[in-house]
Amino acid sequence: MLDLTRGHLPSHLTSLARCYGSIYRLRCGKTTMVVLSSAQMIREALVKKWPDFAGRPHSYTGDLVSGGGFSISLGDYSEEWKMHRRLVHSALQRCCAQSLHAVIERQALTLRQVILDYKESPVDLSKDFTVAASNVITSLVFGKEYNKSSAELQRLHDCLNEIVSLWGSPWISALDTLPLLRRFPNPPFSRLLKEVERRDELIRSHLQDCKVSQQIDLQNQVVNGLSTQVHMAVVDLLIGGTETTAAWLYWMVAFLLHRPEVQFNVYNELCTVLDSRYPRYSDRHRLPCTSALISEVLRLRPVAPLAVPHRATRDSSIAGYFIPKDTIIIPNLYGAHHDPDVWDDPNTFKPERFLEDKGASTRALVPFGGGARLCLGESIAKMELFLFAAYLLRDFQFLPTGNKTSLPDLKGVASVVLKAKPFHVIVRPRP
Ligand code: HEM
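The rules we used
- Residues numbered from 1 in each chain as written.
- Predicted model: local features only at pLDDT ≥ 70, side-chain atom pairs only at ≥ 80, totals over all residues.
- Heavy atoms only, no water.
- Pairing = 2+ DSSP bridges.
- Helix = DSSP H or I, 4+ residues; strand = E, 2+ residues; numbered from the N terminus.
- Core = buried A, V, L, I, M, F, W, Y, C linked by side-chain atoms within 4.5 Å.
- Buried < 20%, exposed > 50% of the residue type's maximum accessible area, 1.4 Å probe, protein only.
- Contact = heavy atoms within 4.5 Å.
- UniProt positions renumbered as here; feature names shortened; annotations may be inferred.
- Axes fitted to C-alpha atoms, helices over the stretch in contact; angles between N-to-C directions.
- Parallel < 35°, antiparallel > 145°, perpendicular 65-115°, else oblique.
- Left-handed = near helix turned anticlockwise from the far one by under 90°.
- Nonpolar A, V, L, I, M, F, W, Y, C, P; charged D, E, K, R; others polar.

Novice: Tell me what's going on with the sheet that holds strand β1 (residues 23-28), and back it up with residues and numbers.
Specialist: Taking strand neighbours across the sheet as the criterion, the 4 strands line up as β1-β2-β6-β3 in an open arrangement whose pairing is mixed. On the outer flanks of this sheet lie β1 and β3 (310-311), each paired with one strand and no other. Where strand β2 (residues 31-36) and strand β6 (residues 328-331) come together, 4 bridges link them in parallel fashion. Bridging across to β6, L36 finds its partner in P331.

Have a look at this one:
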């Protein structure tokens with residue numbers, strides 16, 4: 001009997017994989033789930049046999065939060081969904097090519113100023129990272145950036161975070177597995193419905209504002225008239241693109257506090273290769289230590305540790321095992337990234353591993369999933385992680401606030417996004 005509410009589900013599912021193998025089945029009421037915990041099996045299902053596993057599970061509550069299945073992330077695989085995803089993807093690609101680099105650079109410099117203003121006092125950077133990541137997305141979708149104290153931004157984030165956290169709670173998921181419970185009062189569910197309504201109102205008013213100011217960067221790229229799809233695409237990008245990037249930056253700082261010599265090597269590399277200028281994304285191939293740091297943090301703490309559940313669209317197989325239609329597939333990315341058959345010393349933070357054996361280790365890295373459901377923001381995220389990390393490490397040294405006991409906890413808290421527990425850090429400007 002598996003308690004799905006227990007502390008760190010990805011690490012629990014991973015320990016089950018060490019007992020039962022990299023593919024095993026779980027029963028949850030009438031639902032059968034298959035958990036995949038190796039990169040090879042995840043690739044077989046998501047990439048090689050993508051048409052068989054590109055579905056999303058239907059659920060009562062999922063339909064309510066995704067505007068009746070209109071979101072890209074929760075919508076099931078269909079011709080209409082494919083067209084929706086393709087449109088948003090090509091709009092994002094155009095934004096990436098035209099303006100993304102400049103948007104991220106601007107946010108990295110704003111973040112720099114915010115950090116300078118702390119004047120080396122101990123700070124928790126979580127909110128600053130969220131604002132920076134969020135502004136990249138709001139620039140793309142609303143043509144607008146906010147500052148940390150913006151009540152508008154705060155309202156939007158509080159609402160989206162509340163929806164993600166309520167939707168992941170056992171009180172709500174029980175309604176999907178036990179329909180009878182829908183007849184009884186359920187205060188968390190009533191709150192979820194209210195928050196969804198509030199989200200829709202907020203997004204409608206933001207979209208209206210940017211229509212008025214004619215700054216609809218992303219929307220102009222998508223066709224006019226698909227209002228529900230545009231609305232839900234905005235929700236997808238805001239939810240998918242904010243907490244993930246912010247959580248990754250927070251993890252990076254947490255790990256660097258534990259291994260200051262890695263921070264020093266990256267700083268040295270940035271100074272030597274770039275002289276005194278700021279990095280550009282095209283510099284990444286000449287900055288192997290910086291790239292290795294990014295990969296290692298993505299490996300140890302894939303911020304979407306269990307991806308998003310997939311559904312088998314037809315009878316198929318994985319690793320020779322029969323998988324019936326409608327089986328739910330959980331790609332355990334966290335498990336794949338801690339697979340002892342692939343990674344030496346899998347629990348240790350060692351960016352050097354990516355310098356030693358680049359090809360093999362890169363193939364075993366699946367932080368963005370793969371195939372038809374590959375993270376829609378992968379290229380945006382990669383540029384963000386690189387530029388934010390390189391700007392921060394070029395300009396600042398991250399120091400612990402006290403002795404070893406003050407170092408951040410590295411286990412984290414796992415919900416839909418895997419986050420580090422709150423910690424403080426001293427940030428010293430480099431000379
Ligand atoms: C889906 C990872 C950043 C938008 C996903 C999935 C993963 C993931 C694992 C699920 C794939 C699957 O279902 O198999 C990450 C990581 C990020 C990141 C590690 C950063 C460190 C972003 C950003 C955006 C974004 C910046 C938007 C700009 C989405 C969307 C989906 C998604 C819309 C749903 C795709 C679909 O169902 O077709 N992401 N993501 N993500 N991500 Fe990301």
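Novice: Describe the nonpolar core, listing the residues and the values that go with them.
Specialist: Core analysis: the largest hydrophobic core is formed by 97 residues, its most contacted members being W248, M252 and F398. It is helix α11 (residues 227-258) that contributes the most residues to this core, 19 residues altogether. Filtering out sequence-adjacent residues up to four positions away, M252 remains in contact with L293, V297, A389, L392 and L393. Core analysis: the second largest hydrophobic core is formed by 21 residues, I23, L36, I318 and F354 among them.

Novice: Please set out the UniProt feature "binding site: heme" (unreviewed entry) in the chain residue by residue, giving values where relevant.
Specialist: Residues given the UniProt feature "binding site: heme" (unreviewed entry) here are C375. For C375, the location among the structural elements is in the loop between α16 (358-363) and α17 (378-395).

Novice: Tell me about the packing of α11 against α17, and please be specific about residues and values.
Specialist: Contact pair α11 / α17: the axes reach a minimum separation of 11 Å and the direction vectors enclose 40 degrees. Between α11 and α17, the angle falls in the class oblique. Handedness of the crossing formed by α11 with α17: right-handed. Only E384, L385, F388, A389, L392 and L393 of α17 make contact with α11, whose side of the interface consists of T245, W248, L249, M252 and L256. Of the residues in the contact of α11 with α17, the class split is 9 nonpolar, 1 polar and 1 charged.

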